[in-house]
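Chain by chain, the residues:
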Amino acid sequence: MTRPNRPQGQMTTAIHAGETPDPATLASSPPIHMSSSFISEEVAGFSAHDMTPDSPYCYTRWGNPTVAMLEDKIAALQGAEACLCTASGMAAASAIFFTFLSAGDHCIVSDISYAGVAELARDTLPRMGIAVSIVDLSDLDAVAAAIRPETRLIHSETPVNPIGRLTDLAAVAELAHQSGALLSCDATFASPVGMDAIGLGVDLVMHSATKYICGHGDAVAGAVAGRAELIRQMRIEAAIHHGGVLSPFNAWLVARGAATLPMRMRAHETGARSVAEWLEGHPAVTRVVWPGLASHPQAELAARQMRNFSGMLSFQVGDAATGRRLAETMIEKLETIHYAVSLGHHRSLIFWMETQGLLDSSFRLEGAQAQAYRDWAGDGIFRLSVGLEDAEDLITDLARVLG
């Protein structure tokens, strides 16, 4: 069976990219290749540096057919030349940092980002001799001022976790490329179909594939998509040398979820709109942040940059004590929404995220940066990942706890 060489729609791409009927059995669904090693039919070198794009499979840490199938699928969905899948989203972020940065280099990292990335940037990178500037990437003047001759990477996230602030990727890409730096972006909240990050100038788009790409909360995975040469460097450095590779079984689970990603993202967005609009009208809620709302401070940028506003929203209910009390009520009384971490699953998930705790631990922001975070988050937010349940049932569940 030949693969079409013409552009196809998102759903067709999600279902078919990377897949062909199994040549041995003609099975329509892709098999799971759980083997750690593969028979060699010719004498070859025993180094990853001997690999070419046409090299046969040798050892699953170097490459695996099931993982390669998922990589092709994500690359196609993201509009990228190639993709590297990793054991987790943090492994994907680490792959970017430790492939393209060395001692003496400088990188710029979003001051608000996934907690694991925030802590890696503040603790681990400096220990390796890599200088790090923590910058509000929504402030283009601050980005320009932070760039140095030795800047090699700007790592962005949009929308940022957990507050939903946006980064103007096209503008930051221009600044990065003018200085000779790479731009990476954690686009987990948006998903591959929610934003054309490659078209906006991003060099490396990373995802915690655990979230929307998998979509079912049953596999941990990461992915980085970008130019083939950049991905080749990451495969040798991060996958083969660092070893944070994705298991074939998890790759198969994530690919099964990815097949319905465009359809699911439409449903997530529809549900989030209904829930966000209802929350905005509730007297106990003091603020709602969702990119699809006209009240979002960057609504114009969201409309210009995002193709789908996703199911991630946050809301405030007053001071920290009020938020903690409501979180306790949620744990006791929610029936449909799960009080749990993570996001992007078919089930709705909610979690209380107190501002001072994040400022003291992961983000360690002070002065103007701390105040800027509070401008978005107040004393704390509830991060709500709207799943695929009927919006009316989610609203009923929230009404039960909000009163």
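Rules used in this analysis
Residues numbered from 1 in each chain as written. Predicted model: local features only at pLDDT ≥ 70, side-chain atom pairs only at ≥ 80, totals over all residues. Heavy atoms only, no water. Helix = DSSP H or I, 4+ residues; strand = E, 2+ residues; numbered from the N terminus. Rg over C-alpha atoms; globule rule 2.2 N^0.38 Å. Buried < 20%, exposed > 50% of the residue type's maximum accessible area, 1.4 Å probe, protein only. Contact = heavy atoms within 4.5 Å. Areas by Shrake-Rupley, 256 points an atom, 1.4 Å probe, with all protein chains shown as cover. Lys, Arg positive; Asp, Glu negative; His and termini not counted. Charge placed at Lys NZ, Arg CZ, Asp CG, Glu CD. 1 Å grid on protein atoms, 1.4 Å probe; cavity = no way out; pocket = protein on both sides within 12 Å on 5 of 7 lines; lining within 4 Å. Points joined across faces, edges and corners; volume = space filled by probe spheres on them. Salt bridge = Lys/Arg side-chain N within 4 Å of Asp/Glu carboxyl O. Pairing = 2+ DSSP bridges. Axes fitted to C-alpha atoms, helices over the stretch in contact; angles between N-to-C directions. Nonpolar A, V, L, I, M, F, W, Y, C, P; charged D, E, K, R; others polar. Disulfide = S-S within 2.5 Å. Core = buried A, V, L, I, M, F, W, Y, C linked by side-chain atoms within 4.5 Å. Phe/Tyr/Trp six-rings, centres within 6.5 Å; stacked < 30°, edge-to-face > 60°. Lys NZ or Arg CZ within 6 Å of the ring centre and 35° of its normal.

Attention shifts here to the overall build of the protein chain. Looking only at helices and strands, the protein chain has 14 helices and twelve strands in total. The C-alpha radius of gyration of the protein chain comes to 21 Å, within 12% of the 22 Å expected for a compact globule of 403 residues. Within the protein chain, buried positions represent 54% of all 403 residues. For the protein chain, the proportion of contacts with a sequence separation of at least 24, taken over those separated by at least 6, is 74%. Looking at the protein chain as shown, the accessible area adds up to about 16,800 Å², and 53% of this sits on carbon and sulfur atoms. Averaged over its 28 positive side-chain charges, the protein chain has a centre that lies 2 Å from the centre of its 44 negative ones.

Cis geometry marks the peptide bond from Thr158 to Pro159, where omega comes out at -15 degrees. The topology assignment puts Pro159 in the loop between β4 (151–157) and α6 (169–178). A positive phi angle is found at Ser310, which is not glycine, with a value near 65 degrees. If you trace the backbone, Ser310 turns up in the loop between α10 (299–305) and β9 (312–316).

This next bit is on the layout of surface pockets. Within this model, the second largest pocket holds a volume of roughly 450 Å³. Forming the boundary of the second largest pocket are 29 residues, of which Tyr114, Ala115, Asn161, Lys211 and Arg383 lie nearest the centre. Within the residue set of the lining of the second largest pocket, elements represented by two or more residues are α3 (89–100), α4 (115–127), β6 (204–208), β11 (349–354) and α12 (355–363).

A few words on the pattern of salt bridges. One pass over the full model with this rule turns up 16 salt bridges. For Asp379, the salt bridge is made with Arg374, and the minimal N-O distance between the two is 3.1 Å. Given a relative accessible area of 23%, Arg374 falls into the partly exposed group. Ionic contacts of the salt-bridge type, sharing partners, join the residues Asp111, Asp136 and Arg165 into one network.

The next subject is the sheet that holds strand β8 (residues 287–289). Read across the open sheet, the five strands follow the order β8-β9-β12-β11-β10; overall the sheet is mixed. With partners counted over all chains shown, the strands left at the sheet margins are β8 and β10 (338–339), one partner each. Bridge analysis of β9 against strand β12 (residues 380–385) gives four bridges, and the strand direction is antiparallel. Bridging from a neighbouring strand, Phe315 pairs with Phe382 of β12. Along the sheet face, helix α13 (residues 367–377) touches β8, β9 and β12 and points at about 100 degrees away from the line of β8.

All right, on to α6 then. What α6 keeps buried is the set Leu169, Ala171, Val172, Ala173, Leu175 and Ala176. In this fold, the buried residues of α6 make contact with α5 (140–146), β4, β5 (182–186) and α10. Gly180 sits one or two residues past α6 and shows a positive phi near 80 degrees.

All chains considered together, the criterion is met by two cavities of 30 Å³ or more. Of the volumes computed, that of the largest cavity is approximately 80 Å³. Ranked by residues supplied to the lining of the largest cavity, first place goes to β9 with three residues. A per-class count over the lining of the largest cavity returns ten nonpolar, three polar and one charged. Approximately 60 Å³ is the volume found for the second largest cavity. Forming the walls of the second largest cavity are Thr60, Arg61, Trp62, Gly63, Asn64, Val67, Glu71, Leu84, Cys85, Arg235, Ala239 and Val245. Sorting the residues of the lining of the second largest cavity by element identifies α2 (65–78), β1 (82–86) and α7 (228–242) as the ones contributing at least two each. When the residues that make up the lining of the second largest cavity are grouped by side-chain class, the tally is six nonpolar, three polar and three charged.

All right, on to the state of the cysteines then. Following the criterion strictly, the structure yields zero disulfides and no others. The thiol of Cys85 is unpaired, and the distance to the nearest cysteine sulfur, on Cys83, comes to 4.2 Å. Left unpaired, Cys214 is separated from the closest cysteine sulfur, that of Cys85, by 12 Å.

Counting 51 residues, the largest nonpolar core has Val275, Leu279, Leu313, Phe315, Ile350, Phe382 and Leu384 as its most contacted members. In this structure Leu384 touches Val275, Gly311, Met312, Leu313, Phe315, Ile337, Leu349, Ile350 and Leu398, once residues within four positions along its chain are discounted. Of all hydrophobic cores here, the second largest spans 26 residues; its members include Ala82, Ala93, Val117 and Leu153.

Counting across every chain of the model gives seven aromatic pairs. Arranged with centres 5.4 Å apart and planes meeting at 20 degrees, the rings of Phe315 and Phe382 form a pair that is stacked. Here the residue Phe315 occupies a position in strand β9, and Phe382 occupies one in strand β12, the gap between them amounting to 67 residues. Taking the relative accessible area as the measure of exposure, Phe315 reaches 0% and is therefore buried. A ring pair is formed by Trp352 and Phe382, whose centres lie 4.9 Å apart and whose planes are at 45 degrees; its orientation type is tilted. Taken together, the residues span a long stretch of sequence, with Trp352 in strand β11 and Phe382 in strand β12 at a distance of 30 residues. Taking the ring centre of Tyr114 as reference, the NZ or CZ of Lys211 above it sits at 5.9 Å.

In short, geometric facts, not functional conclusions.
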